[in-house]
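# Report on the structure
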Amino acid sequence: MDKQQRLKNWQEKTEHLMNRFPERKERFHTSSDIEIKRLYGAEEETYPIDKLGLPGEYPYTRGSQATMYRARFWTMRQYAGFGSAEETNKRFRYLLEQGQTGLSVAFDLPTQIGYDSDHPMSRGEVGKVGVAIDSLEDMEALLKDIPLDKVSTSMTINAPASVLLAMYIAVAEKQGVAADKLSGTIQNDILKEYIARGTYIFPPKPSMRLITDIFAFCQSQVPKWNTISISGYHIREAGANAAQELAFTIANGLAYVDAALEAGLEIDDFAPRLAFFFNAHNQFFEEVAKFRAARRMWAKLMKERYGAKNPKSWQLRFHTQTGGSTLTAQQPDNNIVRVTTQALSAVLGGTQSLHTNSRDEALALPTEESARIALRTQQILAHETGVADTVDPLAGSYYVESLTDELENIANEYLAKIEQMGGAVSAVEQGYMQREIHHTSYETQKKIENGQEIIVGMNKFTIENEEQPELLRVDPELGEKQKRKLKTLKSTRDQNRVSAQLETLRSAARGQDNLMPVILECVKSYCTVGEICGVLREEFGEYTGV
Amino acid sequence: MKKTIRVLIAKPGLDGHDRGALVISQALRDYGMEVIYTGLRQTPEQIAAAAIQEDVDAIGLSCLSGAHNELFPEVMRLLQERGADDIIVVGGGVIPWEDIPFLESKGIKKVFTPGTPTVETAKFIEKAVFERDGISSSKGAATPPERIDHIGIAVSSLDEALPFYVNQLGLTLEAIEEVPSQKVKVAFIKIGETRLELVEALSDDSPIGQFIQKRGQGVHHVALGVSDIQSRIDELKANGIKMINETPVSGAGGAQVAFMHPSSSHKVLFELCEKSKKEEA
């Protein structure tokens, strides 16, 4: 098909689509009343249509939808959670009142590592970096009065993802919302836990089984759920550069695809529900290019390597969070500016949802005021700057297109190397990615210390005698309260049912059947996160690091 | 032969953020220390046991999850219980400023907050270990001053100012003398362990003369008593502190003195001051 024909088809298709999903405005225009077109550049003689495609079309360099933010802004999704389920529920309802459009749950470390609040390993950690969830009872309190058929919820949970997803389904059922009406995401990306984030429980093999079980279960039961969020975010936070973030994330993605295929799933049955999660770091244009390169790489791999037929399988949809490790403890208000430019790169890179960090996160959990400024930052970008009024505005920039190509090339070299090592799982087991990241992170540290890299307010433009801002404190009694709550639960629930369900889980773990339905029954019987993961620990063993 | 310092870098609790722990491990190694990294998810018991078994000089605890107030003191308690509390323990991570005094009261020697250069941490550990072992350090951080030797106050005229100190406050005048190197005349007034030094300019182009012209009378400098002044100056210089006097000059009372540049010391003019042995006695 020749280029003009493709463009014409695209225009017709887009007009048709707009009948169902109208744009935000009848007419977009600048302050000087210049009309803003939906798309620029594509009608040019020299437009490289095979390389860039058109928005919403293969290979999606310019965006995963045809009208992008002219139809609907990205989802503003602030990661939140601390202390008890009740406190976090309050913060969620506050954020929704403030105009946030999706929820994102932070769990505390015991929950993420499958320990109950009364486990010795949980000491000092209960409710600290997120909300403490021991049983369905806590999940009910967390989601109280939040209409689960209307909000989409992202849960940062990996090793015990099945358990928390099951709890979410069970709470929805109690609210009268069927599982097929639920939308949201579980992170469920164990490979990057081994590489960079550290909240793993089980060894790779059973972990991959839990993941593919979720893929299969959701395909039939929770079809609107994003079953995994393949995350470069934490790889970047651990010190990787943009190319490494891109390459290792895609390599991990390919490992999940291979595992699902091996488990007997069809590519087009699960690939449309795979989601991604990237970091928005400081180097503005490189970040924009990274997002564009990621879309193009994934589309090519899905179509060409795996023969996926459904365009939804080709589309890389992603969440973005601004880079936490770029925040300074010194002069924390400067972080608002960092977050703004990082967020802008994510928007210009075409993110589907965005979390903007709060200014005080290098010091502690954000206060309510800081969290509000972070959300307002996104709202200002969306409503005041006009950056969302045309699709992929940086396309055709010599610099951005060249960076996009180069990042893709470097990432492809990494992918080839990882493939030679037997794929991402075995590269992780050999510590390859961990070493590469550490090398980059140490080099960066040295550059900062010798002044080659300047961090404003930290190694240059410093001030003396900084005033210390007010910080959020988590209730130090929470650990004890949560323990008491757990004790009461254990004395009031149907203990026989609990024991029976846990035994069913044990035998299912030994067999081959999908574990999700069994885990769902466990949580409905008020088995705790620690009990369920405890049985799986006994059956699967524990990962102990490289 | 110089001692090789052994350090255990440990991640207590469930926190999985180990970028900082890995970076500091390598930085300490590059500085010449032997470093053992525990890996993630260590209980305080495991950390204390590893430190004792590995016979380390120091432990670096890294925590970004907010569990530090519970886990760091527990490590200290266990070390003490096992008679290993001579091990120097420092901490780092996301630790709010307001928690630092509490942690230090539990025996944590120092908490390094985000943005600390790794070499600063290395020097601190080295100095703390050398001090503990009674080894004098060659490149550690400067040895702390021992006392406030005196506080310098610029006055327009000694004759006018002295009655206030001697008659109104009832303090004792110790001595009056001229210091040619500074073109000043000074009066020492004893107060407890230290002194007030009233300084009058002998000429308008002397430092005190210029000070009074620019800013009027008032507090001029704080003199810190040190021993071995030249090596103190060298250490400060090595740590990037600007000195007005890079070699000591003769001050009042036969002392050797050197001024630091206020731009390096948050706008306070500090004088290093070494009294001769006779004077001390």
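What comes next concerns the included structure. (Residues numbered from 1 in each chain as written. Chains lettered and ligands numbered in written order. Predicted model: local features only at pLDDT ≥ 70, side-chain atom pairs only at ≥ 80, totals over all residues. Heavy atoms only, no water.)

Another point: the overall build of chain A. For chain A, the count of helices and strands is 22 helices and 10 strands. Its C-alpha atoms give chain A principal-axis dimensions of roughly 75 × 60 × 50 Å. A total of 546 residues make up chain A; the buried ones form 61% of that total. Summarising the internal contacts of chain A: among those between residues at least 6 apart in sequence, 77% fall at separations of at least 24. (Helix = DSSP H or I, 4+ residues; strand = E, 2+ residues; numbered from the N terminus. Buried < 20%, exposed > 50% of the residue type's maximum accessible area, 1.4 Å probe, protein only. Contact = heavy atoms within 4.5 Å.)

A tally of regular secondary structure across chain B gives nine helices and 13 strands. Taking 19 Å as the expected radius of gyration for a compact globule of 281 residues, we find that chain B reaches 24 Å, considerably beyond that expectation. For chain B, the spread of C-alpha atoms along the principal axes amounts to about 70 × 40 × 35 Å. For chain B, buried positions account for 48% of its 281 residues. Pairs at least 24 residues apart make up 60% of the contacts formed inside chain B by residues separated by at least 6 positions. Roughly 13300 Å² of accessible area belongs to chain B as shown, and the carbon and sulfur atoms make up 52% of that amount. Each charge class in chain B can be summarised by its mean position, and for the 30 positive and 40 negative side chains these summaries are 3 Å apart. (Rg over C-alpha atoms; globule rule 2.2 N^0.38 Å. Areas by Shrake-Rupley, 256 points an atom, 1.4 Å probe, with all protein chains shown as cover. Lys, Arg positive; Asp, Glu negative; His and termini not counted. Charge placed at Lys NZ, Arg CZ, Asp CG, Glu CD.)

Turning next to the pairing of strand β4 (residues 152-156) of chain A. Residue and element names in this part refer to chain A. A large share of β4 lies buried, amounting to five of its five residues. The alternating pattern of β4 places Ser152, Ser154 and Thr156 and Thr153 and Met155 on opposite faces, both of which are buried. Two strands pair when backbone bridges link them, and strand β3 (residues 102-106) and β4 are joined in this way by five bridges, in the parallel orientation. From the neighbouring strand, Ala106 faces β4, where its bridge partner is Thr156. Pairing analysis gives three bridges linking β4 to strand β5 (residues 184-186), with the strands arranged parallel. Looking across to β5, one finds that Ser154 is bridged to Thr185. (Pairing = 2+ DSSP bridges.)

Bringing the sheet that holds strand β8 (residues 184-191) of chain B into the picture now. Residue and element names in this part refer to chain B. Spatial strand order, β7-β8-β9-β6-β10-β13-β12-β11: eight strands in an open sheet with mixed pairing. Either end of the sheet is taken by a strand with one partner, and the two such strands are β7 (172-179) and β11 (249-250). Two strands pair when backbone bridges link them, and β11 and strand β12 (residues 256-259) are joined in this way by two bridges, in the antiparallel orientation. In the sheet register, Ser250 faces β12, and the bridge partner there is Gln256. Together, β6 (147-155), β7, β8 and β9 (194-201) form the strand contacts of helix α6 (residues 158-168), whose direction differs from that of β9 by roughly 160 degrees. (Axes fitted to C-alpha atoms, helices over the stretch in contact; angles between N-to-C directions.)

Take the pattern of salt bridges next. Note that side chains of opposite charge can pair when their charged atoms are close. According to the stated counting rule, one finds 62 salt bridges over all chains in the structure shown. A salt bridge links A:Arg123 to B:Glu74, with the nearest nitrogen and oxygen atoms 3.6 Å apart. Linking A:Arg123 in the loop between α4 (109-112) and α5 (136-142) with B:Glu74 in helix α3 (residues 68-81), this pair reaches from one chain into another. Judged by relative accessible area, A:Arg123 falls into the partly exposed class, the value being 36%. Three or more residues are tied together by salt bridges with common partners; here these are A:Lys51, A:Arg296, A:Lys300, A:Asp405 and A:Glu408. (Salt bridge = Lys/Arg side-chain N within 4 Å of Asp/Glu carboxyl O.)

Attention now goes to the sheet that holds strand β1 (residues 6-10) of chain B. Residue and element names in this part refer to chain B. Pairing within the open sheet is parallel, and its five strands lie in the order β2-β1-β3-β4-β5. Edge strands, defined here as strands with exactly one partner in the open sheet, are β2 (34-37) and β5 (110-112). Taken pair by pair, the neighbouring strands of this sheet meet at an average axis angle of 20 degrees, ignoring direction. Judged from the four bridges that link them, β1 and strand β3 (residues 58-63) form a sheet pairing that is parallel. Across the sheet, residue Ile9 finds its bridge partner in β3, namely Gly60. Contacting β1, β2 and β3, helix α1 (residues 19-31) crosses the sheet at an angle of about 160 degrees to β2. Strand contacts of α3: β3 and β4 (88-93), with the helix running at about 160 degrees to β3, the strand carrying the most contacts.

Omega for the bond connecting A:Tyr58 with A:Pro59 falls within 30 degrees of zero, at -5 degrees, which places this linkage in the cis form. Take A:Pro59: it is sitting in the loop between α2 (49-52) and β1 (75-76). Unlike most non-glycine residues, A:Asp33 shows phi in positive territory, near 65 degrees. Here A:Asp33 is to be found in the loop between α1 (3-20) and α2. Residue classification places A:Asp33 among the partly exposed positions, given a relative accessible area of 46%. The residue B:Asp228 is not glycine, and still its phi comes out positive at about 55 degrees. Using a relative accessible area of 44% as the deciding quantity, one classes B:Asp228 as partly exposed.

Our next topic: helix α22 (residues 529-540) of chain A. Residues and elements named next belong to chain A. Between its first and last C-alpha, α22 extends 16 Å over 12 residues, near the 16 Å set by a 1.5 Å rise per residue. Among the 12 residues of α22, 10 are classified as buried, and the element is accordingly described as predominantly covered. Turning to α22, its buried residues are Val529, Gly530, Glu531, Ile532, Cys533, Gly534, Val535, Leu536, Arg537 and Phe540. Looking one or two residues past α22, Gly541 carries a phi angle of roughly 85 degrees, positive in sign. (Expected span 1.5 Å × (residues − 1).)

Let us now look at the environment of A:Asp494. Residue and element names in this part refer to chain A. Among the structural elements, Asp494 can be located in the loop between α19 (478-492) and α20 (495-510). Residue Asp494 is classed as partly exposed on the basis of its relative accessible area, which comes to 45%. Within the structure, Asp494 has its side chain in polar contact with the backbone nitrogen of Asn496 (distance 3.2 Å). (Polar contact = N/O pair within 3.5 Å; in protein donor to acceptor, adjacent residues only side chain to side chain.)

Size of an interface: often given as the accessible area lost when the parts come together. The interface of chain B with chain A comprises 35 residues on the first partner and 38 residues on the second. Taking both sides of the interface into account, the surface hidden between chain B and chain A amounts to around 3000 Å²; carbon and sulfur atoms contribute 52%. By the criterion of area lost to chain A, the three top residues of chain B are B:Leu14, B:Arg19 and B:Arg41, representing 26% of everything that side buries. Of the charged contacts, one joins A:Arg123 and B:Glu70 as a salt bridge, the two residues approaching to 3.7 Å between their closest N and O atoms. Remark: the boundary between chain B and chain A carries 12 residue pairs in polar contact (both at pLDDT 80 or more). Mapped onto the side of chain B that touches chain A, the elements with two or more residues apiece are α1, α3 and α5 (118-132) of chain B. Per element, the largest residue contribution to the side of chain B that touches chain A is six residues, and it comes from α1(B). A per-class count over the side of chain B that touches chain A returns 15 nonpolar, 12 polar and eight charged. (Buried area = accessible area lost by both parts, 1.4 Å probe. Nonpolar A, V, L, I, M, F, W, Y, C, P; charged D, E, K, R; others polar.)

Further remarks concern the packing of aromatic side chains. Residues and elements named next belong to chain A. Using the criterion set out here, one finds 21 aromatic pairs over all chains in the structure. Where Phe73 meets Trp74, the ring centres are 5.7 Å apart and the plane angle is 65 degrees; that geometry is what we call edge-to-face. When its relative accessible area of 13% is taken as the criterion, Phe73 is described as buried. Where Tyr168 meets Trp225, the ring centres are 5.2 Å apart and the plane angle is 55 degrees; that geometry is what we call tilted. Here Tyr168 is found in helix α6 (residues 161-175), whereas its partner Trp225 is found in strand β6 (residues 225-226), with 57 residues between them in sequence. This pair shows no difference in class: Tyr168 is buried, exactly as Trp225 is. (Phe/Tyr/Trp six-rings, centres within 6.5 Å; stacked < 30°, edge-to-face > 60°.)

Our next topic: α6(B). Residue and element names in this part refer to chain B. When α6 is considered as a whole, its buried residues turn out to be Leu158, Ala161, Leu162 and Tyr165. Taken around the axis of α6, the buried residues stretch over an arc of 105 degrees, which confines them to a single face. What points out from α6, more than 90 degrees from its buried face, is the exposed set Asp159, Glu160, Asn167 and Gln168. On its buried face, α6 sits against β6, β7, β8 and β9. The N-terminus of α6 is capped by Ser157, whose side-chain oxygen sits 3.3 Å from the backbone nitrogen of Asp159. Phi turns positive, to about 75 degrees, at Gly170, one or two residues after α6. (Arc of directions from axis to C-beta.)

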